[in-house]
Amino acid sequence: MAEYFVQRPQCPACLSNDSRQLYRAEFNDAGIRHYLDQAYALVGPGIEYHYLQGVEYKLNKCASCGLIYQENIPNDELMEILYERWIDPRVVFERHKKQINTLAYYAKYAQEVMQMLAYFQQMPAGIKVLDAGMGWGKWARMAKAFGCDVYGNELSPARIDYAEAHGITVLSWDEIGTHKFDFINADQLFEHLPEPLDSLKHLAQALKPAGLIHVSVPDGHDLRRRLASMDWSAAKGSGNSLNLVSPLEHINCFHHNALIKLASNAGLQEVKLPLALQFAFSTNWRLPKAALKNVVNPIRQRLGRKGTNLFFRHGS
């Protein structure tokens, strides 16, 4: 039903009115229903389609900044139904527990925290950090284990309870602005936010003058090719997967330049971590494939395809 959706008539990243429509179909279209049935089958009871009745999935591309975004998105009430019922926190937590039984799980987050600490060249206790949209608090818990002064932000009550039970101080969105952080981690967050520009400005105001914010989102550089086939049946992770523009969830799809422009509109500029720092604090050199990624990925991001895993600070 239309009362469970809100319309975004402007680009949410630059507020431009100049956009063109790439695709439109009813949320109850057979192709989209097939995609949603596949996507939510393993995480909860499934979609209740009467909430989507009479609403169109509209995919637009901003002519100014290049962001691809969904025009009709769930309102707050439907967002809560989506993330607390259709995606059942109890089911997701069981999958989370399986992940934390692997050494690779810890190695990834340890690498990120070590590289962050090496950048600031301070003892962990002197670094105040925020994990924005922290989920189950994976990054926040690792930063706390290193001794940082750690805060988190999250909307899901189940995830908040879990983080607090593990010693993470959780802030509401409004409370973030009453703090100043050395580092803000915003990993896999901005593709979900209704107002990414306002949200990034809000986080930027909570950065110390020399602070750093890490923004990582799915990379939409290949989306144009995928949209040519518009194969809603393509499995997640496959070459034609449309997970980048997943209905209801991935409401913003960035490529490198779109993310840079979003940051610029929020008064931020990109910071490139030194290659020597990235190499020195990389983990998981045991297997040849992982070791090759440790060497190639930082160089490729510096010299080749730029990607959407970036760091920003206040502009000069």
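Summary of the structure given here. (Residues numbered from 1 in each chain as written. Predicted model: local features only at pLDDT ≥ 70, side-chain atom pairs only at ≥ 80, totals over all residues. Heavy atoms only, no water.)

## A short note on the packing of helix H3 (residues 89-99) against helix H6 (residues 157-165)
Counted only if it meets this: For every element, the axis is a line fit to its C-alpha atoms; helices are fit only across the contacting stretch, and the angle between N-to-C directions ranges from 0 to 180 degrees. Under the DSSP-based scheme used, a helix requires at least four consecutive residues in state H or I and a strand at least two consecutive residues in state E, with every element numbered from the N terminus. Angular relationships are summarised with four words: roughly parallel below 35 degrees, roughly antiparallel beyond 145, roughly perpendicular across 65 to 115, and oblique for the angles in between. Left-handed describes a crossing whose near helix is turned anticlockwise from the far helix through less than a right angle; right-handed describes the clockwise counterpart. Note on contacts: a residue pair is in contact if any heavy atoms of the two residues lie within 4.5 Å. When residues are grouped by polarity, Ala, Val, Leu, Ile, Met, Phe, Trp, Tyr, Cys and Pro land in nonpolar, Asp, Glu, Lys and Arg in charged, and all others, Gly among them, in polar.
At a minimum axis separation of 10 Å, H3 and H6 run at an interaxial angle of 45°. In terms of orientation, H3 lies oblique with respect to H6. Relative to H6, H3 is oriented so that their crossing is right-handed. Contacts between H3 and H6 pair Pro89, Val92, Phe93 and His96 from the former with Ala158, Arg159 and Tyr162 from the latter. When the residues that make up the contact of H3 with H6 are grouped by side-chain class, the tally is five nonpolar, one polar and one charged.

## A word on empty space enclosed by the protein
Basically, it comes down to this: The way it works is a 1 Å grid over only the protein atoms, where trapped points that fit a 1.4 Å probe form a cavity and open points with protein on both sides within 12 Å along at least five of seven lines form a pocket, and then any residue with an atom within 4 Å of a point lines it. Grid points are joined across faces, edges and corners, and a volume is the space filled by probe spheres set on the points.
Counted by the stated rule, this structure contains one cavity of 30 Å³ or more. Its boundaries defined by the atoms lining it, the largest cavity holds a volume of some 30 Å³. Surrounding the largest cavity, Glu191, Val217, Pro218, Leu244, His250, Asn252, Cys253 and Phe254 form its lining. In terms of residue class, the lining of the largest cavity is made up of five nonpolar, two polar and one charged.

## Some thoughts on the pairing of strand E3 (residues 56-62)
A regular strand places its side chains on the two faces of the sheet in alternate fashion. As a reminder of what qualifies: Exposure classes here rest on a 1.4 Å probe applied to the protein chains alone. A residue is buried below 20% of its type maximum, exposed above 50%, and partly exposed in between. DSSP-based pairing: two strands are paired if at least 2 bridges between them are found.
In terms of burial, E3 is largely enclosed, as five of its seven residues are buried. Judged from the seven bridges that link them, strand E2 (residues 19-26) and E3 form a sheet pairing that is antiparallel. The partner of Arg20 across the bridge, within E3, is Lys61. Here three bridges tie E3 to strand E4 (residues 68-70), and the two strands are oriented antiparallel to one another. What sits directly across from Leu59, in E4, is Gln70. The loop that links E3 with its antiparallel partner E4 comprises five residues; one of these, Gly66, has a positive phi angle of about 90°.

## Points about the layout of surface pockets
What the second largest pocket holds in volume is close to 180 Å³. Every residue along the wall of the second largest pocket is listed here: Arg20, Leu22, Lys61, Gly66, Ile68, Gly220, His221, Leu223, Arg224, Leu227 and His255. Of all the elements, helix H9 (residues 223-229) adds the most residues to the lining of the second largest pocket, at three residues. Its residues assigned to classes, the lining of the second largest pocket comprises four nonpolar, four polar and three charged.

## Remarks on a nonpolar patch on the surface
Heads up, the condition is: Two joining distances apply to patches: 9 Å for like charges and 5 Å for nonpolar side chains (Val, Leu, Ile, Met, Phe, Trp, Tyr), and every residue must have over 30% relative accessible area and no salt bridge. What sets the accessible areas is the Shrake-Rupley method with a 1.4 Å probe; for residues, cover comes only from the shown protein chains. By definition, a salt bridge exists where a carboxyl oxygen of Asp or Glu is found within 4 Å of a side-chain nitrogen of Lys or Arg.
A cluster of nonpolar side chains, contributed by Trp285, Leu292, Val295, Val296 and Ile299, occupies part of the molecular surface with about 410 Å² of accessible area. With respect to the helices and strands, the residue Leu292 is situated in helix H12 (residues 288-303).

## Considerations on helix H5 (residues 138-146)
Quick note on the threshold: To obtain the arc, one takes the directions from the helix axis to the C-beta atoms.
Within the span of H5, buried status applies to Trp139, Ala140, Met142 and Ala143. Taken down its axis, H5 places every buried residue within 165° of arc, on the same side. Residues of H5 that are buried in the fold lie against helix H4 (103-120), strand E6 (128-132), strand E7 (149-153) and strand E9 (181-187).

## Some thoughts on unusual backbone geometry
In this model, Leu15 sits at a positive phi of 70°, which is unusual for a non-glycine residue. In this fold, Leu15 is placed in the loop between strand E1 (5-7) and E2. A residue is classified by how much of its surface remains accessible, and Leu15, at 47% relative accessible area, is partly exposed. Its identity as a non-glycine residue notwithstanding, Gln188 has a phi of 55°, on the positive side.

## Thoughts on the sheet that holds E6
Sheet architecture is open: seven strands sit in the order E8-E7-E6-E9-E10-E13-E12, paired in mixed fashion. At either end of the open sheet lies a strand with only one pairing partner, and these are strand E8 (169-171) and strand E12 (268-271). Along the sheet, successive strands turn relative to each other by an average axial angle of 30°, direction set aside. As judged from the three bridges shared by E7 and E8, these two strands associate in the parallel manner. The partner of Tyr151 across the bridge, within E8, is Thr169. Sitting on the sheet, helix H8 (residues 196-204) touches E6, E9, strand E10 (207-216), E12 and strand E13 (309-314), and the angle it makes with E10 is about 140°.

## Some words on a negative patch on the surface
Going by this rule: Positive charge is attributed to Lys and Arg, negative charge to Asp and Glu, and no charge count is given to His or to the chain ends. To locate a charge, take NZ of a lysine, CZ of an arginine, CG of an aspartate or CD of a glutamate.
Side chains of Glu3, Asp76, Glu77 and Glu80 sit close together on the surface and give a patch of like negative charge. Among the secondary structure elements, Glu80 is positioned in helix H2 (residues 76-86).

## Observations regarding the sheet that holds strand E11 (residues 252-253)
As summarised here, the arrangement of the four strands in space is E2-E3-E4-E11, forming an open sheet in which the pairing is antiparallel. Looking at which strands have only one partner, the edges of the open sheet turn out to be E2 and E11.

## Let's talk about H6
If you check which residues of H6 are buried, you get Arg159, Ile160, Tyr162 and Ala163. The arc that holds the buried residues of H6, viewed along the axis, is 165°, so those residues lie on one side. In H6, those exposed residues whose orientation departs by more than 90 degrees from the buried face are Asp161 and Ala165. Directly beyond the C-terminal end of H6, a positive phi value near 85° is found at Gly167.

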